[in-house]
Each structure stands twice: as structure tokens, then as C-alpha cells.
Amino acid sequence: MDFRLNDDEILAFIARGYHIFHPAIDADIHRAVCAQTRAAFVQGKNPGNAIYEQVPALAQVLSHPQVVGALTSILGADYHMLCHRHAHLTQPGQAAGGFHQDGTPRALRGWTRPWRYGHRPRKVLLVYFPHAVPKELGPTTLVPGSQYYRQRPEAMEALECGVEGDAGIMAICHFSSWHRAGANTSGTERIMLKFVFDRRGEPQEPSWKAAASYNPNFAAIARQWSALPDGRLLCLPKTWQTMWNWFGGRGAERLGGTASLASLFQGLASDQEHEAIEAAYSLGGQVDADGARALVARMRHGDEQEREMAAVALSAAGRVAVDALRETLADPNPWLRAMAADIAGDLGRESLALVPDMERALDDADVWVRHNALQALALWGREARGAEERVVTALTDAEPFVRFNALGALMSMRPLDARCAEWFKHVAATDEAHPQWRAQDALSRWDNATLRY
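Worth saying up front: this structure is predicted, and the values here are computed from it rather than measured. (Residues numbered from 1 in each chain as written. Predicted model: local features only at pLDDT ≥ 70, side-chain atom pairs only at ≥ 80, totals over all residues. Heavy atoms only, no water.)

Asks: What is the right way to read the overall build of the protein chain from this model?
Replies: Helix and strand counts for the protein chain come out as 19 helices and eight strands. On the principal axes, the C-alpha backbone points of the protein chain span a range of 60 × 55 × 45 Å. In the protein chain, buried positions account for 58% of the 453 residues. A separation threshold of at least 6 residues defines the contact pool for the protein chain, and within that pool the share at least 24 residues apart is 79%. Element-wise, carbon and sulfur atoms account for 52% of the exposed surface of the protein chain, whose accessible area totals about 18,000 Å². Side-chain charges of the protein chain comprise 47 positive and 53 negative groups, with the mean position of each set lying 1 Å from the other. (Helix = DSSP H or I, 4+ residues; strand = E, 2+ residues; numbered from the N terminus. Buried < 20%, exposed > 50% of the residue type's maximum accessible area, 1.4 Å probe, protein only. Contact = heavy atoms within 4.5 Å. Areas by Shrake-Rupley, 256 points an atom, 1.4 Å probe, with all protein chains shown as cover. Lys, Arg positive; Asp, Glu negative; His and termini not counted. Charge placed at Lys NZ, Arg CZ, Asp CG, Glu CD.)

Right, here's the structure in full:
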């Protein structure tokens, strides 16, 4: 039986940012997960990333055909689980958590983080409740459409959707979705297990049950969905169209529109974030090479929002942006070089011409340029394998998170064969905590061929 998602479900995921479902997994497996999870909390200490190894029943959950089918539809058949996992035990009476996007902020030249939260759903969270989770138990709640917003949307409580249901209820959600833990007003402990899954290769065709005749009218859908009680953020038809094209392997197609380029450039600074986002995607679908250079100029001189929206537009522009990004990778300003490397990676297969530039960027004096260049090489994966030897040398970079990204790039570029295992064993034995854990986790996946390392 084919358990992949259909066109409507993929479109809903693109717009709303999540897919809630209930796989038909045997109840005994869920009970085993509950018991093993509680046992993993030795003296109350959270096992953190080791929860997967300490709860063997999870392998049966995550390998269930309905779970595999849903993840394959969103991430492609070669998706893999990242080394970050977490178990949440919410005690009775615990208040609701604060709305947040996962990922740790860092400071970089006035930006709130050194890389943008990605709009393309290359990375997802999977949240799983091994027991029934009614509203009073405090399920995870998600804000539909919020994954595209860099600012915290107002009055999110009126929009949130709870992951409520019987034992085994799950949600696959965009990594950048705003979410929180609900208030546990019951007298029962709540268990939630969270995993992060990543796309290994860029889409070249639909990985879901796609129908050739399916042709969504994004503007009409936005008018319909934005009028729903929870639809205030569901008003981004150009954004959805860009994501739909990328998901289906069509890349950055040209988008039509009646607005002038001048008005769209002005729209990047709109105090209504949804207008700025739509202006960015409309620009990306219409600019030429000179327009891409004008977007780089806006990144150089605009305020924080304009800089980020100009980066979004460059990401949406596809191959048109490549020359401007190559020029920016040689800019004296390290912040601009770092963002050019970030955008080059976000372009995916359309920026493969920049692989030699990314190799050179691995020698950059700025740590964030090196960090983002390796992230780009990881996204390009096997299509950038010519840079492999240079990536291997990055395993000795002075910055731990650069070494962490070098491991990720190697995992994307090649199978974890014996030669690769030697590099990983060295990191696993000698490095700092984050690279060490990533290497150890990859080696454990390699030792068990049934798991997606």
C-alpha cells in the first residue's frame, strides 16, 4: 500500500507548515515507548540525544510504513534522522510554554542570527505522543502558516492548533514553525518525543502521490484559507507557488504579476510582514541579473528587515542570482560574504556553478563564511562531491560548528563507507561535544544498516 501524501496534503503542508496524522501502530508498541521513556530518565535526568538508543521501541514507530510514507513525501526517499532528539516530560500543573521557533539565535552584524530560518522545508520536526493527549494534557500547539514569519506573529493563541488525539498521534512540522507546549491542567504526566529529519538531496520530481492534472490556484486558495478563523497568516500565494515549484523539482520558475519592480522593492520594507514576504517572492520571480545585484545592494544598505527580505528574494530568483552571489562572495565585508554563502546553499541545485567558490570560501578568515559554505556543500550533497577533499580538511577547522557542518557535508556527499568511517572515528574520539556526538551518531547508524543515519 502506498502511504505517501497526496497533492492536497502537500499543499496544506506548504501553507500551514504541518501535517498531523495518526499511524496505525500497534498499541503495545506505544505502551513500550512510554515505559522505556520513563526508565530512560535516570534520577530525573533527561537522556537528551540518547533517547533513541535508550528506547528501542522507537525504531518500530519511526520505521512504520505510514511514518516513512509521510516523511518520504515531504523530504524525499533518502531522508535521514539528525542526531538531535529530545524527550519532553510535562508534569501535572505545568504552565504553557512560550511560542518559539527551534534553533539557537546568534549575533552577526545586526542580524538576530547568522543564517536565516529557511523557508524551503528541507528540515522537519516530528513530534510523537505515545499516549492519548487530550487538550487538558497540554499537547504541542502549532501556528498555521507561521514558518514564513521572522517576527513573532501577534495573538498566536487565537490561531494555534493542538496535536490532540489517541495514543500515537504525530505531527510533522516545518522546522521554522512557531510552536509551544500547551498547559498541562490534568493530573497526569505528558510524554512527547521530538526528532529532527533532514532532506539529503534536492527535489528533482515530486516524492508524493502527485497527479499530473493537479493545478492549484494559489491566489484563490489564499483568499479562501485566510478567511478561516485560524487563517490570518495564510495569505502568501506567491510564496506557496515558489515552494510548490521547488517541491516538485521545477526550481525557480518565473512568476507573473502586475506590480512594478519599483513597488516590489519598496514592499520589502513594509511594516506588514506578509506584504514584505510576498514582495520578496514576487521580486525573486521577476528580476534579471541586474535586479539581483540591486537586491545585494539592498542587503548592504537596508535595515534588518529589508536585508533579510532581499535575501529571500535572491533565494527565490534561482540561477538569475548566481553571478551576483559570486561577486558578493569576494566582497570585503565578511557579513555579506557569509550571507552570499547562505543564499547560495538555499538556491539548491540552481547554484551548483558556485561549488568552486564555496571551496575557496572554506579558507575565509571569517568563521560564518566557512560555516555557511559547508552548509551549502551539504545541501548540494553528491552533486558537489568534487569538493570532498577540501571538506575533509575542514574537519580540523578551529571552530567546532564548522567541523560539525563538515561532517554533515561529508554525510551528504558520499555513503558512509570505510574511508569515511575513519574520518568520523577520529572526530568521535577526539572532538568537542557537538561534532563528537554527530560523528558517533553517524557511526552507530552505519553499524545498523536498517536505520537512516
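Back to the write-up after that little detour.
Asks: Is there a simple way to explain helix 9 (residues 273-284) in this structure?
Replies: Residue pairs spaced three or four apart in an α-helix point in one direction, given the helix's 3.6 residues per turn. Spanning 12 residues, helix 9 covers 17 Å between terminal C-alpha atoms, matching the ideal 16 Å at 1.5 Å per step. Within helix 9, 10 of the 12 residues are buried, which leaves the element mostly enclosed by the surrounding structure. Restricting attention to buried positions, one finds in helix 9 the residues Glu273, Ala276, Ile277, Glu278, Ala279, Ala280, Tyr281, Ser282, Leu283 and Gly284. In the core, the buried residues of helix 9 are packed alongside helix 7 (237-247), helix 8 (261-267), helix 10 (289-301) and helix 11 (304-317). (Expected span 1.5 Å × (residues − 1).)

Asks: What's the story with the packing of aromatic side chains in this structure? I'm lost.
Replies: For any pair of aromatic rings, the description consists of the separation of the ring centres together with the inter-plane angle of the planes. If you walk through the whole model with that rule in mind, you get eight aromatic pairs. For the ring pair tryptophan 208 and tryptophan 244, a centre distance of 5.5 Å and an interplane angle of 50° mean the geometry is tilted. Taken as a pair, tryptophan 208 in the loop between strand 8 (190-198) and helix 6 (218-226) and tryptophan 244 in helix 7 lie far apart in primary sequence, 36 residues in all. With relative accessibility at 4%, the residue tryptophan 208 sits in the buried group. With a centroid separation of 5.8 Å and 55° between ring planes, the pair formed by phenylalanine 401 and phenylalanine 404 is classed as tilted. Note that phenylalanine 401 and phenylalanine 404 are positioned in helix 17 (residues 400-413) at a spacing of three residues, about one turn of the helix. Residue class for phenylalanine 404 comes out buried when judged on its relative accessible area of 16%. When the ring centre of phenylalanine 175 is taken as reference, the NZ or CZ atom of lysine 123 above it lies at 4.9 Å. (Phe/Tyr/Trp six-rings, centres within 6.5 Å; stacked < 30°, edge-to-face > 60°. Lys NZ or Arg CZ within 6 Å of the ring centre and 35° of its normal.)

Asks: Honestly, the sheet that holds strand 1 (residues 18-21) in this entry has me stumped. Any pointers?
Replies: Hydrogen bonds between backbone groups are what pair the strands of a sheet, and the pairing can be parallel or antiparallel. Spatially, the five strands line up as an open sheet ordered 1-6-3-8-2, and their pairing is antiparallel. Strand pairing shows two members of the sheet lacking a second neighbour, strand 1 and strand 2 (80-90), which therefore form its edges. Neighbour-to-neighbour, the strand axes of the sheet open up by a mean angle of 15°, direction not taken into account. (Pairing = 2+ DSSP bridges. Axes fitted to C-alpha atoms, helices over the stretch in contact; angles between N-to-C directions.)

Asks: Where do I start with the confidence of the model for the protein chain in this structure?
Replies: Averaged over every residue, the pLDDT of the protein chain is 91; residues scoring 70 or more account for 95%. Counting contacts from residues 449-453, a segment whose pLDDT is below 50, to residues more than four positions away or on other chains yields 19 contacts. (pLDDT = per-residue confidence, 0-100.)

Asks: How should I be thinking about the side chain of serine 412 in this particular structure?
Replies: With respect to the helices, strands and loops of the structure, serine 412 is situated in helix 17. Of the polar contacts made by the side chain of serine 412, one reaches the backbone oxygen of alanine 378; its length is 3.1 Å. Apart from residues lying up to four places away in sequence, serine 412 is in contact with Arg200, Ala378, Gly381 and Arg382. (Polar contact = N/O pair within 3.5 Å; in protein donor to acceptor, adjacent residues only side chain to side chain.)

Asks: Whenever I open this one, the pattern of salt bridges confuses me. Can you help?
Replies: Think of it this way: side chains of opposite charge can pair up when their charged atoms draw near. Applying the stated criterion across every chain, the model contains 33 salt bridges. Put simply, glutamate 202 and arginine 122 hold a salt bridge, and the shortest N to O gap is 2.8 Å. Within this pair, whereas glutamate 202 is found in the loop between strand 8 and helix 6, its partner arginine 122 is found in the loop between strand 2 and strand 3 (123-128), the two being separated by 80 residues in sequence. You can call glutamate 202 buried: its relative accessible area is 11%. (Salt bridge = Lys/Arg side-chain N within 4 Å of Asp/Glu carboxyl O.)

Asks: How should the nonpolar core be read in this particular structure?
Replies: The tendency in soluble globular proteins is for nonpolar side chains to be buried as a group. Core analysis: the biggest nonpolar cluster contains 130 residues, and Leu126, Phe197, Trp240, Leu377 and Phe424 have the highest contact counts within it. Beyond its immediate stretch of four places on either side in the chain, phenylalanine 197 contacts Leu62, Leu71, Leu75, Tyr79, His80, Met81, Arg122, Lys123, Val124 and Leu126. Residues Tyr18, Leu125, Val127 and Ile169 belong to the second largest nonpolar core, which totals 15 residues. (Core = buried A, V, L, I, M, F, W, Y, C linked by side-chain atoms within 4.5 Å.)

Asks: Help me understand the packing of helix 17 against helix 18 (residues 418-430) in this model?
Replies: A packed helix pair is summarised by two numbers, namely the angle formed by the two axes and the spacing between the axes. For the pair helix 17 and helix 18, interaxial distance at closest approach is 12 Å and the crossing angle is 155°. When the axes of helix 17 and helix 18 are compared, the pair comes out roughly antiparallel. For the pair helix 17 and helix 18, the crossing hand works out as left-handed. Here helix 17 contributes Leu407, Leu410 and Met411 to the contact with helix 18, which in turn contributes Trp423, Phe424 and Val427. Residues that form the contact of helix 17 with helix 18 fall into these classes: six nonpolar, no polar and no charged. (Parallel < 35°, antiparallel > 145°, perpendicular 65-115°, else oblique. Left-handed = near helix turned anticlockwise from the far one by under 90°. Nonpolar A, V, L, I, M, F, W, Y, C, P; charged D, E, K, R; others polar.)

Asks: Help me understand the environment of alanine 324 in this model?
Replies: Within the element layout of this structure, alanine 324 appears in helix 12 (residues 322-328). Overall, alanine 324 belongs to the buried group, its relative accessible area being 3%. Taking C-alpha positions, alanine 324 is 33 Å from valine 196, a pair spaced 128 residues apart along the chain. Apart from residues lying up to four places away in sequence, alanine 324 is in contact with Ala292, Arg293 and Val296.

Asks: What am I meant to see in the sheet that holds strand 5 (residues 161-162) here?
Replies: The antiparallel open sheet is built from three strands, whose spatial order is 5-4-7. Across the chains shown, the open sheet's two edge strands, defined by having one partner strand only, are strand 5 and strand 7 (179-181). Where strand 4 (residues 140-142) meets strand 5, two bridges bridge the pair, whose relative direction is antiparallel. Residue pairing in the sheet places threonine 141 in a bridge with glycine 162 of strand 5.

Asks: What exactly am I supposed to notice about the pairing of strand 3 here?
Replies: Strand residues, when the strand is regular, have side chains that alternate between the two faces of the sheet. Burial analysis of strand 3 places five of its six residues in the buried class, which makes it a mostly covered element. Two elements, strand 3 and strand 8, share six bridges in a ladder whose sense is antiparallel. Of the residues in strand 8, the one forming a bridge with lysine 123 is aspartate 198. For strand 3 and strand 6 (residues 170-174), the ladder comprises five bridges, and the chain directions are antiparallel. In the strand pairing of strand 6, leucine 126 is matched with isoleucine 172.

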